[in-house]
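Listed below are the residues making up each chain.
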Amino acid sequence: MAQASYHFPRGFLWGTATSSHQVEGHNPPNNWTAWEQEKGRILHDHKSGLACDWWGGRWREDLDRAADSGQNTHRLSLEWSRIQPAPDRWDEAALDRYREIMRGMFERSLLPMVTLQHFTLPLWLAEQGGWENERIVDDFAAYARKVVEALKEYVTMWVTINEPNVVMASAYLFGDFPPGKKDLGAAMTAGRNMLRAHAAAYHAIHKIQPQARVGVAMNYRGFAPARSWSPLDRWAARTQSLMFNDLFPRAVQKGKIYLPVGFQRIPEVAGTQDFIGVNYYTRDQVAFNLFKPGELFARRFFLPGADLSDTGFIANVPQGMFDALKWALQFEVPIIITENGVEDADDDLRPRYLLQHLHQVWRAVNFNWPIKGYYHWSLVDNFEWERGWTQRFGLWELDVETQARRKRPSADLYAEICRENGITSEMVERYAPEVMSSLFPD
Ligand code: FCB
């Protein structure tokens, strides 16, 4: 068959994403290290432990891997609990270490995208109520100021908070993340404080660095009505999407928190995003269920026969990526795919997942939607929160005991994509022939 290719705009960002607690190791006292000590909180009581030993220096070899395989950017997060170990103490040595890592990225021609807060809070802050205590708003702004002063010569792309919507749901509604609550009121309080903290940090960053680009990384999840003819299923799917996907970024855009009925004003937040980060992994089917008021009357499941990841955590629904980007357009700012990937230890799904999702990104780019880059989750297997070490998202496999890395075929595929700045029929033939006819029809 004829050779064909789908190319991306010049200057497109190609990278991978990581987060501090998941890769650094020897994590200091934060809400997650404390959570790991509680029996039954993490699957098999796994611990983050040495993680990928980045704090011990292995960031060098992993960022070498990223750079040597054609990536031009990397997204990582800073560990607030290292930088501010106590309310009245900044750890300058930790900031120096982060400066060294940023310099290391520049030496490797990897543009840094830095997340200020990726799920973890210093333990002292968590003990004061974490996101439920409005004091965190000023604390977060002070932390942002400290960090931006320290790193401004290297970093202009900032994510304030990673997936505030996942924190609202997992920490305050489903109880899987610390503090393990199941309380809608607490979720809303936390959400409001996250919004205000984000806005305070946005202004603090811009004051120091007017040219900064600041955004939030949202987890966009697709919600499709299980029976498209059913008004109740459609209502349930819409409500899930409204609360999970829309609430936070709409508030950032408009300064109003839209609820299923009515809205609350939060004017100081309006207009505080220079781009929107989209983390897309999967899509749910949603059926109305009267017996699930705590989950907004929704039963969620994957389509029977779905193409599932190792532990059934992710269904491969590439169309959802297109939907996510279309959804992101409404915020009228540039869009960056800040995470996308799949847990797949033996790498038999990842090549097609990657190609199919990038094909959808390419479709969106061709409508001239302002999509600036793509970050694959993740560079190397890392500690997956309450799922411990049971899920393998890396382009490189990690042996947690020995710290040895082994390249998965997808790492080579992604390197080819980054170098080509596109996907080609030849790549699909070699790495995922099973999707050839759908990606490159005759
Ligand atoms: C996202 C998180 C990231 C990682 C991936 C698999 O929700 O932001 O840290 O756990 O899921």
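Draft legend 1. View of empty space enclosed by the protein. The final tally for this structure, using the stated rule, is 1 cavity of 30 Å³ or more. In this structure, the largest cavity occupies an estimated 60 Å³ of space. Those elements giving two or more residues to the lining of the largest cavity turn out to be α1 (20-23), β3 (73-77) and α5 (92-107).

Draft legend 2. Focus on the side chain of E343. Structurally, the position occupied by E343 is in the loop between β11 (335-339) and α12 (350-365). Of the side chains bearing the opposite charge, R387 lies closest to the buried E343, which forms no salt bridge; the N-O distance is 7.5 Å. At a separation of 2.8 Å, a polar atom in the side chain of E343 contacts the side chain of T311. Here E343 is in contact with S309, D310, T311, G312, F313, I314, R350, T390, Q391, R392 and F393, once residues within four sequence places are set aside.

Draft legend 3. Region of interest: the side chain of T239. Mapped onto the fold, T239 is located in helix α10 (residues 231-254). What makes T239 buried here is its relative accessible area of 6%. Not counting the four nearest positions on each side in its chain, T239 is found in contact with P260 and L296.

Draft legend 4. Region of the structure containing the packing of aromatic side chains. Evaluation of the coordinates by the stated rule reveals 30 aromatic pairs. With a centroid separation of 4.2 Å and an interplanar angle of 40°, the aromatic rings of Y6 and W362 are classed as tilted. Pair noted here: Y6 is in strand β1 (residues 5-7) and W362 is in helix α12, with a separation of 356 residues, a long-range link. A residue is classified by how much of its surface remains accessible, and Y6, at 13% relative accessible area, is buried. Where W55 meets Y98, the ring centres are 5.0 Å apart and the plane angle is 55°; that geometry is what we call tilted. Highlighted residues: W55 in helix α3 (residues 54-68) and Y98 in helix α5, separated in sequence by 43 residues.

Draft legend 5. Main features of the site of the ligand. In the neighbourhood of the ligand, the contacting residues comprise Q22, H118, F119, N162, E163, N219, Y281, E339, W377, E384, W385 and F393. The contact in question runs from an oxygen atom of the ligand to an N or O atom on the side chain of Q22, over 2.8 Å. Between the ligand and W385 there is a distance of 3.0 Å, counted from an oxygen atom to a side-chain nitrogen or oxygen. The fraction of the free accessible surface of the ligand (290 Å²) that becomes covered by protein chains is 95%. Cavity membership is defined here by more than half of the atoms lying within 2 Å of grid points; on that basis the ligand lies in the largest pocket.

Draft legend 6. Summary view of the nonpolar core. Residues L78, W131, W158, V361, I371 and I417 are the most contacted members of the largest nonpolar core, which totals 129 residues. Ranked by residues supplied to this core, first place goes to helix α9 (residues 184-208) with 11 residues. When near neighbours in sequence (up to four residues on either side) are disregarded, I417 contacts W14, L354, L355, L358, G422, I423 and M427. A17, V159, A217 and F275 belong to the second largest nonpolar core, which has 16 residues in total.

Draft legend 7. Up close: the packing of helix α7 (residues 135-151) against α9. The interhelical angle for the contact between α7 and α9, taken along N-to-C directions, is 30°, at an axis separation of 8 Å. Classified by the interaxial angle, the pair formed by α7 and α9 is roughly parallel. Our pair here, α7 against α9, has a crossing hand that is right-handed. Residue-level contacts link I136, V137, F140, A141, A144, R145, V148 and E149 of α7 to N193, R196, A197, H198, A200, A201, A204, I205 and I208 of α9. Among the residues forming the contact of α7 with α9, the class breakdown is 12 nonpolar, 2 polar and 3 charged.

Draft legend 8. Seen up close, α12. Over its 16 residues, α12 extends 22 Å from the first C-alpha to the last, a length consistent with the 22 Å expected when each residue adds 1.5 Å. Extensive coverage of α12 is indicated by the burial of 15 of its 16 residues.

Draft legend 9. Representation of the environment of Q356. With respect to the helices, strands and loops of the structure, Q356 is situated in helix α12. Given the relative accessible area of 14%, Q356 is considered buried. If we skip the residues at most four places from it in the chain, Q356 touches N316, P318, V435 and L439.

Draft legend 10. Representation of the state of the cysteines in the model. Across all of its chains, the model carries 0 disulfides by this definition. The thiol sulfur of C52 is not disulfide-bonded, and the nearest other cysteine sulfur, from C418, lies at 19 Å. The buried category is assigned to C52, whose relative accessible area is 0%. For C418, a relative accessible area of 8% corresponds to the buried category.

Draft legend 11. Quick peek at the pairing of strand β5 (residues 157-162). Within β5, 6 of the 6 residues are buried, which leaves it mostly tucked inside the rest of the structure. Sheet analysis places strand β4 (residues 111-117) next to β5, joined by 4 bridges and oriented parallel. Across the sheet, residue V114 finds its bridge partner in β5, namely W158. Summarising the sheet, β5 and strand β6 (residues 213-225) pair through 4 bridges and their orientation is parallel. From the neighbouring strand, W158 faces β6, where its bridge partner is V214.

Rules of the game
- For every chain, the first residue of the written sequence is number 1, and numbering continues from 1 along that sequence.
- It should be noted that, the model being predicted, local features are given only for residues of pLDDT at least 70 and side-chain atom pairs only at 80 or more, the latter also being counted only at that level, while totals for whole chains, interfaces and linings use all residues.
- Think of the side-chain values as coming from all heavy atoms in the structure, minus any hydrogens and water.
- A pocket, in this scheme, is an open set of points on a 1 Å grid over the protein atoms alone with protein on both sides within 12 Å along at least 5 of 7 lines, while a cavity is a set where a 1.4 Å probe fits but cannot get out; residues line either one if an atom lies within 4 Å of a point.
- Grid points are joined across faces, edges and corners, and a volume is the space filled by probe spheres set on the points.
- A run of H or I in DSSP becomes a helix once it reaches four residues, and a run of E becomes a strand once it reaches two; helices and strands are each numbered from the N terminus.
- Residue burial is assigned from relative accessible area. The probe radius is 1.4 Å, only protein chains are included, and a residue is buried under 20% of its type maximum, exposed over 50%, and partly exposed in between.
- In this charge count, Lys and Arg are treated as positive and Asp and Glu as negative; neither His nor the chain ends contribute.
- The rule for a salt bridge is simple: a side-chain nitrogen of Lys or Arg has to be within 4 Å of a carboxyl oxygen of Asp or Glu.
- Polar contact criterion, stated in full: a pair of N or O atoms within 3.5 Å, where within protein one must be able to donate a hydrogen and the other to accept it, and residues adjacent in sequence count only if both atoms are side-chain atoms.
- Whether two residues touch is decided by their heavy atoms; if any such pair falls within 4.5 Å, the residues are in contact.
- Centres within 6.5 Å are what make two rings of Phe, Tyr or Trp a pair, Trp counting through its six-membered ring; a difference in plane orientation under 30 degrees is then read as stacked, over 60 as edge-to-face, and the rest as tilted.
- For this description, a residue counts as near a given molecule or strand if any of its non-hydrogen atoms is within 4 Å of it.
- Accessible surface area values rest on a Shrake-Rupley calculation with a 1.4 Å probe, where residue burial reflects the displayed protein chains alone.
- Assignment to a cavity or pocket requires that more than half of a molecule's atoms be within 2 Å of the site's grid points.
- We define the nonpolar core as a collection of buried residues of types Ala, Val, Leu, Ile, Met, Phe, Trp, Tyr and Cys that are connected through side-chain atoms lying within 4.5 Å of one another.
- Under this scheme, a helix contributes an axis fitted over its contacting stretch, all axes are lines through C-alpha atoms, and angles between N-to-C directions fall in the 0 to 180 degree range.
- Any angle that is under 35 degrees is reported as roughly parallel, and any over 145 degrees as roughly antiparallel; angles of 65 to 115 degrees are reported as roughly perpendicular and all others as oblique.
- Rotating anticlockwise by less than a right angle from the far helix to the near helix defines a left-handed crossing, while the corresponding clockwise rotation defines a right-handed one.
- Three classes are used: nonpolar for Ala, Val, Leu, Ile, Met, Phe, Trp, Tyr, Cys and Pro, charged for Asp, Glu, Lys and Arg, and polar for all others, with Gly counted as polar.
- Helix span, as expected, comes to 1.5 Å for every residue beyond the first.
- Two cysteine sulfurs form what is called a disulfide whenever their separation falls within 2.5 Å.
- The rule for pairing is simple: two strands pair if DSSP sees at least two bridges between them.

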